[in-house]
Amino acid sequence: MNRINLITLGVRNMNESLRFYRDGLGFETTVNEDNPGIVFFNNGGTKLALYSLEELAKDINSEQPPAATGFSGLTLAYNAKSQAEVNAIMSKAAEAGATIVKTPCLVFWGGYSGYFSDPNGFYWEVAYSEHWKFDEQHMLIIE
């Protein structure tokens, strides 16, 4: 098992989350309806899905669903190809309703990075390094 096909985010408000990702950040989906049961976004390399937090917790354990409290230790990442792209993505996220939790800056590992959280509290890092290389699908090459 050495791949991730789907990342599912349990969301509290499907319409708000759909608007944030589809309309605000420009994630591609065929979903046009209000309050869908699930949403799949077409991304290079993986799929991102939105699903009801309550239903996702029940799917894990219907008798004792896990509670969502505090920072889960999970972050999502967008790897940019320039500092200007980092700034542009962070601005786009803020306009879409994200909370900027760390303004982009030079960071200890030699790159340029910032963080925002989406309407459900999921943390996204937007980062750049002059040493990064990308493949033809814009996926980060890690050697």
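Going by the structure above, here's the rest.
A brief report on the enclosed structure follows. None of these values were measured; they are calculated from a predicted model.

**Observations concerning the sheet that holds strand 1 (residues 6-11)**
Here is step 1 of the chain: Taken in spatial order, the three strands make up an open sheet running 1-3-2, and their pairing is mixed. The open sheet has two edge strands, strand 1 and strand 2 (38-42), and neither has a second partner. Each neighbouring strand pair of the sheet contributes to a mean axis angle of 20°, computed without reference to strand direction.
Here is step 2 of the chain: Sitting on the sheet, helix 2 (residues 53-60) is in contact with strand 1 and strand 3 (47-52), with an inclination near 95° to strand 3.

**Overview of the side chain of Glu-125**
Here is step 1 of the chain: Tracing the chain through its elements places Glu-125 in strand 7 (residues 123-128).
Here is step 2 of the chain: Here Glu-125 is buried and forms no salt bridge, its nearest opposite-charge partner Lys-102 lying at an N-O distance of 6.4 Å.
Here is step 3 of the chain: Here Glu-125 is in contact with Leu-76, Ala-77, Tyr-78, Trp-109, Ser-113, Gly-114 and Tyr-115, once residues within four sequence places are set aside.

**Brief notes about the packing of aromatic side chains**
Each pair of aromatic rings is reported with the distance of its centres and the angle of its planes.
Here is step 1 of the chain: All told, the structure shown has nine aromatic pairs when counted by the stated rule.
Here is step 2 of the chain: Geometrically, the ring pair formed by Phe-27 and Phe-41 is edge-to-face, given 5.6 Å between the ring centres and 80° between the ring planes. A residue pair is termed long-range when its members are at least 10 positions apart, and Phe-27 in the loop between helix 1 (14-24) and strand 2 and Phe-41 in strand 2 qualify at 14 residues. For the pair formed by Phe-27 and Phe-41, the shared burial category is buried.
Here is step 3 of the chain: Aromatic side chains Phe-27 and Trp-124 sit 6.0 Å apart centroid to centroid with 80° between the ring planes, which places their arrangement in the edge-to-face category. Taken together, the positions of Phe-27 in the loop between helix 1 and strand 2 and Trp-124 in strand 7 put the pair 97 residues apart, joining distant regions of the chain.
Here is step 4 of the chain: Under the relative-accessibility criterion, Phe-27 is labelled buried at 18%.
Here is step 5 of the chain: Of the residues examined, Trp-124 reaches a relative accessible area of 9% and is grouped as buried.
Here is step 6 of the chain: Here a set of aromatic residues connected by ring pairs shows up, and it is made of Phe-20, Tyr-21, Phe-27, Phe-41, Phe-116 and Trp-124.
Here is step 7 of the chain: Above the ring of Phe-134, the side-chain terminus of Lys-81 is found at 5.1 Å from the ring centroid.

**A few points about a nonpolar patch on the surface**
Here is step 1 of the chain: Among the surface-exposed residues, Leu-6, Ile-38 and Phe-40 lie close enough to one another that they form a single nonpolar patch of about 240 Å² accessible area.
Here is step 2 of the chain: Structurally, Phe-40 is set in strand 2.

**As for the pattern of salt bridges**
Two side chains of opposite charge can pair, provided their charged atoms sit close to one another.
Here is step 1 of the chain: Tallied over the entire structure, the rule returns three salt bridges.
Here is step 2 of the chain: For Arg-22, the salt bridge identified is with Asp-23, shortest N-O distance 2.7 Å.
Here is step 3 of the chain: Note that Lys-58 is salt-bridged to Glu-55, the shortest N-O span being 3.6 Å. Pair noted here: Lys-58 and Glu-55 are both in helix 2, with a separation of three residues, about one helical turn.
Here is step 4 of the chain: Relative accessible area serves as the criterion here: at 36%, Lys-58 is assigned to the partly exposed category.
Here is step 5 of the chain: Classification of Glu-55 by relative accessible area gives partly exposed; the value is 33%.
Here is step 6 of the chain: Here the residues in one salt-bridge network are Glu-54, Glu-55 and Lys-58, joined through shared partners.

Each value, and the rule that gives it
- Residues numbered from 1 in each chain as written.
- Predicted model: local features only at pLDDT ≥ 70, side-chain atom pairs only at ≥ 80, totals over all residues.
- Heavy atoms only, no water.
- Pairing = 2+ DSSP bridges.
- Helix = DSSP H or I, 4+ residues; strand = E, 2+ residues; numbered from the N terminus.
- Axes fitted to C-alpha atoms, helices over the stretch in contact; angles between N-to-C directions.
- Contact = heavy atoms within 4.5 Å.
- Buried < 20%, exposed > 50% of the residue type's maximum accessible area, 1.4 Å probe, protein only.
- Lys, Arg positive; Asp, Glu negative; His and termini not counted.
- Salt bridge = Lys/Arg side-chain N within 4 Å of Asp/Glu carboxyl O.
- Phe/Tyr/Trp six-rings, centres within 6.5 Å; stacked < 30°, edge-to-face > 60°.
- Lys NZ or Arg CZ within 6 Å of the ring centre and 35° of its normal.
- Patch = residues over 30% accessible without salt bridge, like charges linked within 9 Å, V, L, I, M, F, W, Y side chains within 5 Å.
- Areas by Shrake-Rupley, 256 points an atom, 1.4 Å probe, with all protein chains shown as cover.

Nothing here speaks to function; it is all geometry.
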